[in-house]
Every structure is written in structure tokens, then in C-alpha cells.
Amino acid sequence: MSGYPRVACRGAPRDLGLDQGRACAEEVSRLVAAHSGGAFARLAAALRPPAATRATLRDTYRYFPHMAERSLGLARGARISPRALAEFSALPERAPADALRIVNGGGGACVARAVPTDALAIVRESAPDTDYRSLELVAPAQVAPFVGVNEHGLAVGAVLLGTGGECAAPASLLAQDCLQRF
């Protein structure tokens, strides 16, 4: 992970996102703009966001309130709308089904996760005020990491294998919650 830029994020959930958004503002703006369509699509989404985006926002606030706050901070730091960031987060991940593996090497078990070669990533050092610190590999415009490890040695990785179900929030947000709390 040494080839990726490092970003230090500290404080309350919104501050953690704000630090990431400020450090990655250019990349976040470019990624979100590339997926938001033309000017008419952006105007239509601003007036009435797509159902998938509304559901993602609703369920993220409902089931992952700390991650929702972190997303708001990320959007503010990158100077984009929270709705545009939610729309980007609602896009399906392009990871293969076998992208997450637990490897047992000579030094003990390790979590390995394939990251698409064209994916932009950063190494994020998260130091929440009241939770455990962690080191994560994450896309600049995402709150949820590809993979991470916390100060107690818990390693977590998440891959979205399918869509649907009752919760529209990205399941990978659970990975960040686990790193912070367990």
C-alpha cells in the first residue's frame, strides 16, 4: 500500500469526512462529475434525485448514522453536493466475486482484497474521537474502505456481491463500522 497517497483523518465523524474531502477534492469532484451525466441530468437529479439515490440516503442515515455524517463531511470538504456523492455511492461496485480472500501465511491470517487496477485509492489513517483508530485502503470519493485494519489488529474487507434486498445503503459501510468499534 506504500504507492498510494496517505490522508490523515481525525475527530468526529463529520471531521473525518471533511479531512478526506479536502485532501482529495480534485479526485472526488472528477469522479463524481464523470458519473453524473450532462447538465440536464444534474439539474433533474438536483430537483428530484433518482429513487436509488433517495433510498441510499434514507438507509444510510437510518442504519449507519456515523457514516452518513462522514459522507456529509466528505462532500463539504470536496465542495460537491451530498446528493451527488450519494448518487455516486449508489453505483454498483465493479469487483469480481472472488475479490476478497483470507490468506493464512507464515505470520498468521491476513485479509487480501483485489482492487480494480483502474481504481483510484488512498491510504486513509482514521483517528475517530471516541472509536478505534484504523488504517484503510479506500477510494477518494467513498467512506467505506476496500480493506482496513484497526489498532487492535482486526482486519476487514468488503465486496458487494449483489444488489437488492431491503436496505439500499452500501453494505460495505459495515466494514468501516467494524473497524471503528470492534
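Residues numbered from 1 in each chain as written. Predicted model: local features only at pLDDT ≥ 70, side-chain atom pairs only at ≥ 80, totals over all residues. Heavy atoms only, no water.

## Observations concerning the overall build of the protein chain
Using the following cut-off: Helix numbers and strand numbers start at the N terminus; a helix is a DSSP run of H or I with at least 4 residues, a strand a run of E with at least 2. Relative accessible area decides the class of each residue, using a 1.4 Å probe on protein chains only: under 20% of the type maximum gives buried, over 50% gives exposed, and in between gives partly exposed. The Shrake-Rupley method, run with a 1.4 Å probe sphere, supplies the accessible areas, and residue values consider only the shown protein chains as cover.
If you tally the helices and strands in the protein chain, you get seven helices and seven strands. Reading the secondary structure of the protein chain in the N-to-C direction produces β-α-α-α-α-α-α-β-β-β-β-β-β-α. Burial statistics for the protein chain: of 182 residues in total, 39% are counted as buried. For the protein chain, the accessible surface area stands at approximately 9,900 Å², while carbon and sulfur atoms represent 57% of it.

## Some remarks on the pattern of salt bridges
Any two side chains of opposite charge can pair, given that their charged atoms come close. Selection rule: The term salt bridge refers to a side-chain nitrogen of Lys or Arg lying within 4 Å of a carboxyl oxygen of Asp or Glu.
Scanning the entire structure with this criterion turns up eight salt bridges. With a closest N to O distance of 2.5 Å, glutamate 136 and arginine 124 form a salt bridge. Remark: arginine 124 occurs in strand 4 (residues 122–128) and glutamate 136 occurs in strand 5 (residues 134–138); sequence separation between them is 12 residues. Aspartate 177 is paired through a salt bridge with arginine 181; the nearest N and O atoms lie 2.8 Å apart.

## A look at the nonpolar core
Quick note on the threshold: Here, nonpolar core means buried Ala, Val, Leu, Ile, Met, Phe, Trp, Tyr and Cys residues that are tied together by side-chain atoms lying within 4.5 Å of each other. The contact definition used throughout considers only heavy atoms, calling two residues in contact when any of these lie within 4.5 Å.
Within the largest apolar cluster, 22 residues are counted, with the highest numbers of intra-cluster contacts made by Val28, Val32, Ile80, Leu85, Ala141 and Leu173. Elements with a minimum of two residues in this core: strand 1 (6–11), helix 2 (25–35), helix 5 (65–78) and helix 6 (82–89). At four residues, helix 5 tops the list of elements feeding residues into this core. Filtering out sequence-adjacent residues up to four positions away, isoleucine 80 remains in contact with Val28, Ser29, Val32, Ala75 and Leu85. Counting residues in hydrophobic clusters, the runner-up holds six residues, among them Val123, Leu137, Ala139 and Val147.

## Thoughts on unusual backbone geometry
Phi is positive for arginine 79, close to 60°, though the residue is something other than glycine. Counting through the fold element by element, arginine 79 comes out in the loop between helix 5 and helix 6. By relative accessible area, which is 78% here, arginine 79 ends up exposed.

## Here we look at the environment of glycine 153
Note on placement: glycine 153 falls in the loop between strand 6 (147–150) and strand 7 (155–157). Residue classification places glycine 153 among the exposed residues on the basis of a relative accessible area of 51%. The sequence separation of glycine 153 and serine 134 amounts to 19 residues, and the corresponding C-alpha distance is 9.0 Å.

## Remarks on the environment of aspartate 129
Convention followed: For this analysis, a polar contact is any N or O atom pair within 3.5 Å, provided that within protein one partner can donate a hydrogen and the other can accept it, and provided that sequence-adjacent residues contribute only side-chain to side-chain pairs.
Relative to the helices and strands, aspartate 129 resides in the loop between strand 4 and strand 5. Spatially, the C-alpha atoms of aspartate 129 and proline 13 are 8.3 Å apart, while their sequence positions differ by 116 residues. When neighbours within four sequence positions are excluded, aspartate 129 is seen to be in contact with Gly11 and Ala12. Within the structure, the side chain of aspartate 129 is placed 3.3 Å from the backbone nitrogen of alanine 12, a separation counted as a polar contact.

## Concerning the side chain of glutamine 20
If you trace the backbone, glutamine 20 turns up in helix 1 (residues 13–23). When residues no more than four places from it in sequence are discounted, the contact partners of glutamine 20 are Val7, Cys9, Leu74, Ile122, Arg124, Val138, Ala139, Pro140 and Gln142.

## Notes on the pairing of strand 4
To keep it simple, the criterion reads: Strands are labelled as partners when DSSP assigns at least two bridges between them.
Among the seven residues that make up strand 4, six are buried, leaving the element largely enclosed by the rest of the structure. Pairing analysis gives six bridges linking strand 1 to strand 4, with the strands arranged parallel. Each bridged residue has a counterpart across the sheet, and for arginine 10 the counterpart in strand 4 is alanine 127. Inspection of the sheet shows strand 4 paired to strand 5 by five bridges, in the antiparallel sense. Its bridge partner lying in strand 5, isoleucine 122 is registered against valine 138. The antiparallel hairpin formed by strand 4 and strand 5 contains five residues in its connecting segment.

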